[in-house]
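Analysis of the macromolecular model
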Amino acid sequence: MFRDLSRPIETGMPTYPGDPDVTLAPDATHEADGYATSELRTGTHAGTHVDAPRHTLPGGEAIDEQAVGRFAFDARLVDLRPLGPREAIAPGALPDPDALAGDIDLLVFRTGWASHWGTERYRDHPYLTEAAAGRCREAGVGVGLDTFGPDPTPTAGGGADEGANDGDEPDGTPAHDVLLGDSLPVVENLRGLDG
């Protein structure tokens, strides 16, 4: 079964902290120009997207260096709900790598955080520990998430907040690096995982 799990691209949609805003505006109209076109301004990290290895690894492949067929996935949904704000997802929450042999190339994690899309709380999503990302790498599977990504996202104030854990969050992008280091896909900002 094929399902579109992507976010619509629209003006003012949420973007990762520090990324450019998204704008979609008429460029030409039927009334004024006899045809219609639109101008889209966005960063490459907006909406639902697949991270290329170069996203966090300077020597990694760019997205256009990968064959388009790599982006059709045989996926398995992993329901991790309920999870708290900024909760770490440890390896024990994931399927055993032996159970994934051969049939699956993407684990899609339903954290429940898609319901916070468009709010500041969306930044406080759960995240994969480096060890959990390592379990995915061991199984040879990438990840899809209903969050900004597999690593913690900076809060609006740039630091810990009420929903943050006790300061144990990792710095940098360790989960990204583990997965992208083996050219495993990281699909971010999914929606529609509940139905």
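Bear in mind the structure is a predicted one, so any value in this text is a computation, not a measurement.

Here is what the cut-offs are and how they apply
Residues numbered from 1 in each chain as written. Predicted model: local features only at pLDDT ≥ 70, side-chain atom pairs only at ≥ 80, totals over all residues. Heavy atoms only, no water. Helix = DSSP H or I, 4+ residues; strand = E, 2+ residues; numbered from the N terminus. Rg over C-alpha atoms; globule rule 2.2 N^0.38 Å. Buried < 20%, exposed > 50% of the residue type's maximum accessible area, 1.4 Å probe, protein only. Contact = heavy atoms within 4.5 Å. Areas by Shrake-Rupley, 256 points an atom, 1.4 Å probe, with all protein chains shown as cover. Lys, Arg positive; Asp, Glu negative; His and termini not counted. Charge placed at Lys NZ, Arg CZ, Asp CG, Glu CD. Pairing = 2+ DSSP bridges. Axes fitted to C-alpha atoms, helices over the stretch in contact; angles between N-to-C directions. Polar contact = N/O pair within 3.5 Å; in protein donor to acceptor, adjacent residues only side chain to side chain. Core = buried A, V, L, I, M, F, W, Y, C linked by side-chain atoms within 4.5 Å. Salt bridge = Lys/Arg side-chain N within 4 Å of Asp/Glu carboxyl O. pLDDT = per-residue confidence, 0-100.

As for the overall build of the chain
The secondary structure content of the chain amounts to three helices and nine strands. For the chain, the sequential pattern of α-helices and β-strands runs β-α-β-β-β-β-β-β-α-β-α-β. Here the C-alpha radius of gyration of the chain, 18 Å, is about what a compact globule of 195 residues would show, namely 16 Å. Over its C-alpha atoms, taken along the principal directions, the chain stretches across nearly 60 × 40 × 40 Å. Across the 195 residues of the chain, 41% fall into the buried class. Contacts in the chain between residues far apart in sequence, at least 24 positions, make up 73% of those at least 6 positions apart. A total of about 10,300 Å² of accessible surface is found on the chain, and carbon and sulfur atoms cover 49% of it. Charged side chains in the chain number 14 positive and 35 negative. The centres of these two groups are separated by 4 Å.

Describing the sheet that holds strand E3 (residues 49–51)
Strand pairing in a sheet is mediated by backbone hydrogen bonds. Such pairs are either parallel or antiparallel. Spatially, the five strands line up as an open sheet ordered E3-E9-E8-E6-E4, and their pairing is mixed. Because the sheet does not close on itself, it has two edges, and the strands there are E3 and strand E4 (75–79). Each adjacent strand pair in this sheet contributes to an overall mean axis angle of 25 degrees, direction not counted. Strand direction decides the pairing type here: E3 and strand E9 (residues 186–188), joined by three bridges, are antiparallel. Bridged to His49 within E9 is Glu188.

Structural notes on the side chain of His176
Its place among the elements puts His176 in helix H3 (residues 174–180). With relative accessibility at 6%, the residue His176 sits in the buried group. Side chain to side chain, His176 and Glu188 meet in a polar contact 2.8 Å long. Apart from the residues within four sequence positions on either side, His176 is in contact with Asp51, His55, Thr56, Pro150, Asp151, Gly181, Val186 and Glu188.

Overview of the nonpolar core
Within the largest apolar cluster, 23 residues are counted, with the highest numbers of intra-cluster contacts made by Leu107, Phe109, Leu128, Cys136, Val141, Val143 and Leu179. Looking at this core, the elements with two or more residues in it are strand E6 (106–110), helix H2 (130–139), strand E8 (142–145) and H3. For Leu128, the contacting residues outside a window of four places in its chain are Ile89, Phe109, Val143, Pro150 and Ala175. Membership of the second largest hydrophobic core comes to seven residues, among which are Val22, Ala46, Trp113 and Tyr122.

With respect to the pattern of salt bridges
Taken as a whole and judged by the stated rule, the model has nine salt bridges. Note that Arg81 and Asp79 form a salt bridge whose closest N and O atoms lie 2.7 Å from each other. For Arg81, a relative accessible area of 39% translates into the label partly exposed. Note on Asp79: relative accessible area 37%, which makes it partly exposed. For Arg81, the salt bridge identified is with Asp194, shortest N-O distance 3.2 Å. Linking Arg81 in the loop between E4 and strand E5 (88–89) with Asp194 in the segment after E9, this pair joins segments that are 113 residues apart in sequence. Residues participating in the shared-partner salt-bridge network are Asp79, Arg81, Arg110 and Asp194.

Points about the confidence of the model for the chain
The predicted model of the chain averages 90 in pLDDT, with 93% of residues at 70 or higher. Model confidence for the chain, summarised as mean pLDDT per element, is weakest for E3 at 93 and strongest for strand E7 (residues 127–128) at 98. Across residues 159–165 the pLDDT falls below 50, and counting only partners more than four positions away or on other chains, this stretch makes ten contacts in the model.

Focus: H2
Regarding H2, the residues found buried are Ala132, Ala133, Gly134, Cys136 and Ala139. Each element contacted by the buried residues of H2 is listed here: E5, E6, E7, E8 and H3. At the C-terminal side of H2, Gly140 shows a positive phi close to 75 degrees.

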